[in-house]
Each structure stands twice: as structure tokens, then as C-alpha cells.
Amino acid sequence: MDEAENGGGVRKLSPSPTRSPGPEQRKPSASPPPPRVPKWLILDRIVHRSSRRRCGVVEDDATASALAHDCVGRPIRASLRIADPPAVSRLYLHWKGRPAIDFAEPAAHRNSILFRMRVPFEDPMWWSSIGSFPVDYFVYSSSSSSSSPATLTLLPPCFDGGHTDPNSDKFFQPYRIQQQRIMLDKHMGILCHGDQGGEFTVADLTHRFRTEVHLCLLHHPPIQCQWSIKRLQIPPDMKINISSWRNDVVVPIGRRLCWVDYYQGMLLIDVLSDPDQQQLLQFIPLPSQALKYRRPYKDADPFTITTWILHNVHRGEWRKDVDTIMGATEFFSLTGIAHSCLAHVQPSFPMVSLVDPDVFCFLLEDEDHSLFWMIEVNMRNKKLQSSALYINEEEEEEGYPPKRGRRNNFFGHNFIRSSFTCFLSENAITSWELSEKMQEAKKERVMQKIGRKQN
């Protein structure tokens, strides 16, 4: 047994048949060790809705939140199915009544996850008017205390910039007025700050004109939690094509949020600056060698994976990491016999580990078997460390809820990095075991399916 299998790195010797057991060996058997907790997570943007009455993915799990309510007073809880990277973790919502639709998970930072859902009317005739459903934004935050559950905070709606029609609004009662400000998932981010663990700022950035962007901010926890809108001017000397900007993700950097266009660069804003001061925009273009000028873009075969490090944020200076460059031939040679089931396809949606900057996770699409794999590669050591199958939403809680429930199909997308588990009580996380069982069960089904096709 090697160190990884043993867990503690120490070989456990069997008692000698010619020697009496020592004092430690005569002690009663200890209870099994608690499940280990991943140091970081890969969160799926697809949220799973569960109608089970229990409050967590599994009973008494530390990820289960306290009870909260949606905009019309219906009770809701959240929990998290935790998986070891490169396996994907997923947010669960436990909600009674008519199922919500159009869930999404825009962002995460530290101990918090921001997610969105449309709250359907109880009247089934409203299915055809999804655009009229109110939108709820929640922040789901973990608690480091085993005696305190995770929290679920409903954010107030933002109507600034939304269209208002009083004649139509009266038909939506008892729901609130529905003409909310449109905030796209990929334009929203969350920044946790402060020493108490409960402070966060949610931001949305939209561009309305070629010379101006609108920053929508909400700081929590002031007494009156309200959204504020700031109009930021784009400096004339800023070399950014805002008219063609397409935001892909929002990530925190220090006290700033960074809006990223994979084909142009990054736009950074200090969202914690004094309300009376003008927020300054900083644009960092991608290195010229990494710029791609069209969407969608696909590298020619054979591909090359190149890593660029932003080693000076203030000056916007990049450095190529020449020791982690990897071509297609070298990449495919990593699979070997142990990972021979992996498809030799171009990897997509790279993600850097939160605990080791040399480790990257990639998505592989196996079109022949209708599968997606997540793999973990140490780019510096040129080693494939592990792999995991992507668990589709319909495979959650196998056989429950009923098949008629709405499901989100996965066609490949980028994921969200999170350190959520670093703020949880380790001895209470049991959803990790559920993920392990689901992963093993799917691998067994896949191996049988592949074996039948090969025969």
C-alpha cells in the first residue's frame, strides 16, 4: 500500500504471531475516520433542483443551509454535493411547490456561491410566459461552526434600468413588480471581504454605449441593502473594443472584480472603493501571441497548450511559462494504459487548480460514447494525475425526482472554482461519499458499455 492509499503515509504492520499485542492494539476499534474534504471544488453552472423533504444532499450534511424563502414566501434550502477535483461538484436546491425553472450559478468566491433562479407562478397557465417570472438572486455561504448551518441570503431585486408597465404589473399580484433590471449570468460576480466571513459585494457590469459602462453594485450587510448604479466613462486612451466585448467569466483579484473576455483581455474595477469616489477602469489586453480574433475559435490540429502568467497586475505585464508548454502528441501520451478509456480529442475549458498553479483541469468530450471526462494534469511535471466522468443532472438522485421534471442538458461549458469547503466543519461533510459512489457507479456502467461496443 503506498502513501496515497494509506492516507497518512505510514505503513500499518500486522500483529506478529509470535508477539503479544501491544497496549494500543488492545484498545477497542476506533470509529471510522470522517470523509476527507477537498481543498477546492470545481462547481458546475448547472444547479440541481430536488423536491425531497430533507434539507441536504444527505442527512445531517454540513453543507445544508438554514431555511430561507423566495420572493413569494415559499421555503427553500440549499446544499452541495462535494466531489474531489477533477470531478465536478453541484449545488442542490430543495424547494417545495411548483418547481423553479432556469437555474444558474454565475459566480463564487471564498465561502460563498451566487446563484439565480426564476420563480414560477403557481398558475400553470404561466408556463408560456417565462419572461414574466420574477428573478431571485441568492448568496449561499458556508459556516465554519459545526453548530451553525450554512446561510442562504435572498438579495433584494433591482428595478433600476428595468421597464415598468403599471397596467401589466397589476396582473402579477401577489407577486412583486416583474420589470427587473436585466443582469446576465456571465456579467455578474461576487467578492467576499472583511474578517467576519459574512460580508460580500455582488456586481453586474453592462455596456450601454461605446464610451460608457454601467456598474450595478450591492454591498452586504448594510442596514438597508440596496443596489446602486454607477456610470463609468471609458478613457479615450484605453485600447478596448467595448462594442464587440463578450464577457465569459468574472473573477476576484484582491479587492477588485475582473471581467474577462477570452478573446480580448480583462477589465478590472475596484468595487470596494469609497462610494463618493469614481471607480477607475483598468484594461489588461491579452498577450499578442494569445489573441484570437473570432468566435468560435478552434486551434488547428495538432494543438499546443501554452500558459501565460500575469506577473504584474498594475502594469498589465504577462510572462510565458515555457516549462509548461505541451503539444498534442505529448498530451495524448499522458493517458497510458491506466487511462486508455479517455478519448484522444482536443481538451477544452482549462481551469487552474486553487491549491497548485501547475495543475490544470480540462474537459474532454467523447462523442463516440456520448460522454464527458474531466482530467487533472500537472503541466510542469507532464503527468496525468487523475480523471473523472461528468455526472449529468438527470443522474443526480437516480430515479428521483420523476423523469417528467425539467432537466438541463450539458453540452460543455466552463466551470467555477471555489474554496467553499475550506470554511466547513470537516467532520460533518458526508456528501463527498455520495459523489464517490456516483462516480464509481457511472464508471462501471461506462466500462460495460464500451466493452459491449468493442466486442
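Residues numbered from 1 in each chain as written. Predicted model: local features only at pLDDT ≥ 70, side-chain atom pairs only at ≥ 80, totals over all residues. Heavy atoms only, no water.

A. Quick peek at the pattern of salt bridges. Inspection of the entire model under this criterion finds twelve salt bridges. Here aspartate 70 ties to arginine 74 by a salt bridge, and the two come within 3.2 Å at their closest N and O atoms. For aspartate 185, the salt bridge is made with arginine 116, and the minimal N-O distance between the two is 2.8 Å. Within this pair, whereas aspartate 185 is found in the loop between α2 (166–169) and β10 (188–193), its partner arginine 116 is found in strand β7 (residues 112–118), the two being separated by 69 residues in sequence. Owing to a relative accessible area of 21%, aspartate 185 belongs among the partly exposed residues under this scheme. (Salt bridge = Lys/Arg side-chain N within 4 Å of Asp/Glu carboxyl O. Helix = DSSP H or I, 4+ residues; strand = E, 2+ residues; numbered from the N terminus. Buried < 20%, exposed > 50% of the residue type's maximum accessible area, 1.4 Å probe, protein only.)

B. Up close: the environment of histidine 214. Mapped onto the secondary structure, histidine 214 falls in strand β12 (residues 212–220). Along the backbone, histidine 214 and leucine 232 are 18 residues apart, and their C-alpha atoms lie at a distance of 6.2 Å. A polar contact is formed between the side chain of histidine 214 and the side chain of glutamate 212, at a distance of 2.9 Å. (Polar contact = N/O pair within 3.5 Å; in protein donor to acceptor, adjacent residues only side chain to side chain.)

C. Spotlight on a negative patch on the surface. On the surface, a cluster of negative charge is contributed by Glu433, Glu436, Glu440 and Glu444. Tracing the backbone through its elements, the reader meets glutamate 444 in helix α4 (residues 431–454). (Patch = residues over 30% accessible without salt bridge, like charges linked within 9 Å, V, L, I, M, F, W, Y side chains within 5 Å. Areas by Shrake-Rupley, 256 points an atom, 1.4 Å probe, with all protein chains shown as cover. Lys, Arg positive; Asp, Glu negative; His and termini not counted. Charge placed at Lys NZ, Arg CZ, Asp CG, Glu CD.)

D. Here's a closer look at the sheet that holds strand β17 (residues 281–285). Reading across from one edge, β14-β15-β16-β17 is the order of the four strands in this open sheet, with antiparallel pairing throughout. Every other strand in the sheet has two partners, leaving β14 (249–253) and β17 as the edge strands with one partner each. Taking the axes of each pair of neighbouring strands and ignoring which way they run, one obtains an average angle of 25° across the sheet. Pairing of β14 with strand β15 (residues 256–261), which is carried by five bridges, proceeds in the antiparallel orientation. Residue pairing across strands places proline 252 opposite leucine 257, the latter belonging to β15. (Pairing = 2+ DSSP bridges. Axes fitted to C-alpha atoms, helices over the stretch in contact; angles between N-to-C directions.)

E. Quick peek at the packing of aromatic side chains. In total, this model carries twelve aromatic pairs according to the counting rule given. Between phenylalanine 331 and phenylalanine 332, the ring centres sit 5.8 Å apart and the planes meet at 70°, which makes this aromatic pair edge-to-face. The buried category is assigned to phenylalanine 331, whose relative accessible area is 5%. Ring geometry for tyrosine 390 versus phenylalanine 410: centroids 3.9 Å apart, planes at 20°, classification stacked. (Phe/Tyr/Trp six-rings, centres within 6.5 Å; stacked < 30°, edge-to-face > 60°.)

F. Structural context of the sheet that holds strand β22 (residues 348–352). The four strands lie next to each other as β22-β23-β24-β25, forming an open sheet whose pairing is antiparallel. Only two strands of the sheet have a single neighbouring strand rather than two, namely β22 and β25 (383–389). The average undirected angle you get between the axes of adjacent strands in this sheet is 25°. As paired elements, strand β24 (residues 371–378) and β25 share six bridges and run antiparallel to each other.

G. Structural detail: the confidence of the model for the protein. Confidence in the prediction of the protein, expressed as mean pLDDT, is 82, and 81% of residues score 70 or more. This model gives residues 1–30 a pLDDT under 50, and the stretch forms eight contacts once residues within four places in sequence are excluded. (pLDDT = per-residue confidence, 0-100. Contact = heavy atoms within 4.5 Å.)

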